[in-house]
Amino acid sequence: MGTLMHFAPNRQDLLADPTRPFPVTSQNSASSLLERMAGTAFQGRQLGEAFQVWKSMLADPECTILMGLAGAMVPGGMRKLVRFMIENRLIDILTSTGANFFHDIHETRGFYHYQGSPSMDDEELGDAMVDRMYDVLADEVRFREHDLWIGAFASRLDQSRPYTTREFLYRLGVAVGRDCPEDGIVTAAAKHRVPLFCPAIGDSSIGIGVAESRHRGENRLMFDMMADVLEITNAVADSKATGVIYFGGGTPKNYTQQSEVVAILMERGKEGHRYGVQIVTDAPHWGGLSGCTLAESQSWGKIAKGARMVDCHCDSTIAMPLLVSALAEQRDLIKARRPPTFEMGRVLKIRLPGE
């Protein structure tokens, strides 16, 4: 009885917002779908709310939008969606795994990933030099050719100084873009001056290619990872507000999250990201960062107090096509946005429109 009396004063407030059963309608645009999903529950509702928060980022004239991308998203068919985000400035900075950038270069140079099955015989695949990523297949022979191509590219760079991964990927995007049939992620980012960061570049075929070339005495290329940290931190610190979007967790997520912590230590007056959306499949109760909630990040100062944030537990190959397709329909919002521009120097700085 005491418990009931405790909640009784707030009863009307608690029951003020009914769920809205998902209506069947002829309005089948992606944005209409997500707006209707926001009135339901569970992860459907979270995905619908993620759409609204992302739109708020785009409408905020002070907001720089950073995205973290993990998992085999390019082999999984998400490459053109990420390219669209870059070309239309749905995002302003991208941090991802070296694998995604490598797979993107593979496709940008005119090659493919292939549909397979998770029940295939992996020993037979290995004998045929075919790689498997769940139900996606790749040509290991072509991959090794691209490893060697990247190693040769690295050997042609100035070996007397280190490179940030941001600069390296920009130069790589320019090189790949000279003769590609159509732009991919890395080439589009170079053309549109969208910074790419790869904090675990050695953990990928890009790292394999550079390392193999060094083994043969062709390069002594060094990456300055701390300069990368300063570059992304300066971009965050120079922004009046930031929003973060994560497809998957891992290193790209934490690397982007920690930029606020570094900015706080640098006494740049930051208080955490203003907006946050994450699409993850990991659960928070295992204690890993990939599954931790955005609310947990508030205890670290990574997400601001009072931030608009949404955690959605969903496969990115489901969520990304829906979200990006819905955002593509927001033509007026995209056209009205004035994204930040970047001075692509050794220490990345940001210039907001009108400054």
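Residues numbered from 1 in each chain as written. Predicted model: local features only at pLDDT ≥ 70, side-chain atom pairs only at ≥ 80, totals over all residues. Heavy atoms only, no water.

(A) Quick peek at the sheet that holds strand β5 (residues 136-139). Strand order across the open sheet formed by three strands is β3-β5-β4, with antiparallel pairing between neighbours. Taken across any chain shown, the strands that pair with only one partner, and hence form the sheet edges, are β3 (114-115) and β4 (130-133). Bridge analysis of β3 against β5 gives two bridges, and the strand direction is antiparallel. Residue Q115 lies in a different strand from β5, and its bridge partner there is V136. Here helix α8 (residues 140-155) sits on the sheet and contacts β4 and β5; the angle it forms with β5, its principal contact strand, is near 55°. (Pairing = 2+ DSSP bridges. Helix = DSSP H or I, 4+ residues; strand = E, 2+ residues; numbered from the N terminus. Contact = heavy atoms within 4.5 Å. Axes fitted to C-alpha atoms, helices over the stretch in contact; angles between N-to-C directions.)

(B) Molecular detail of the packing of aromatic side chains. Scanning the model with the defined rule gives seven aromatic pairs in all. Between W54 and F247 the ring centres are 6.3 Å apart and the planes differ by 50°, which places this aromatic pair in the tilted class. Taken together, the residues span a long stretch of sequence, with W54 in helix α4 (residues 42-59) and F247 in strand β7 (residues 241-247) at a distance of 193 residues. In terms of burial, W54 and F247 fall into one category: buried. Note on F153 and F168: the rings are 5.5 Å apart at their centroids and 65° apart in plane angle, and the pair reads as edge-to-face. Of this pair, F153 sits in helix α8 while F168 sits in helix α9 (residues 165-177), and the two are 15 residues apart along the sequence. One exposure class covers both F153 and F168, and it is buried. Positioned above the aromatic ring of W149 is the side chain of R109, whose terminal nitrogen or guanidinium carbon lies 4.5 Å from the ring centre. (Phe/Tyr/Trp six-rings, centres within 6.5 Å; stacked < 30°, edge-to-face > 60°. Buried < 20%, exposed > 50% of the residue type's maximum accessible area, 1.4 Å probe, protein only. Lys NZ or Arg CZ within 6 Å of the ring centre and 35° of its normal.)

(C) Region of the structure containing a negative patch on the surface. Negative charge collects at one region of the surface, where D121, E123, E124 and D127 lie side by side. Along the chain, D121 falls in the loop between β3 and α7 (122-127). By relative accessible area, which is 38% here, D121 ends up partly exposed. (Patch = residues over 30% accessible without salt bridge, like charges linked within 9 Å, V, L, I, M, F, W, Y side chains within 5 Å. Areas by Shrake-Rupley, 256 points an atom, 1.4 Å probe, with all protein chains shown as cover. Salt bridge = Lys/Arg side-chain N within 4 Å of Asp/Glu carboxyl O. Lys, Arg positive; Asp, Glu negative; His and termini not counted. Charge placed at Lys NZ, Arg CZ, Asp CG, Glu CD.)

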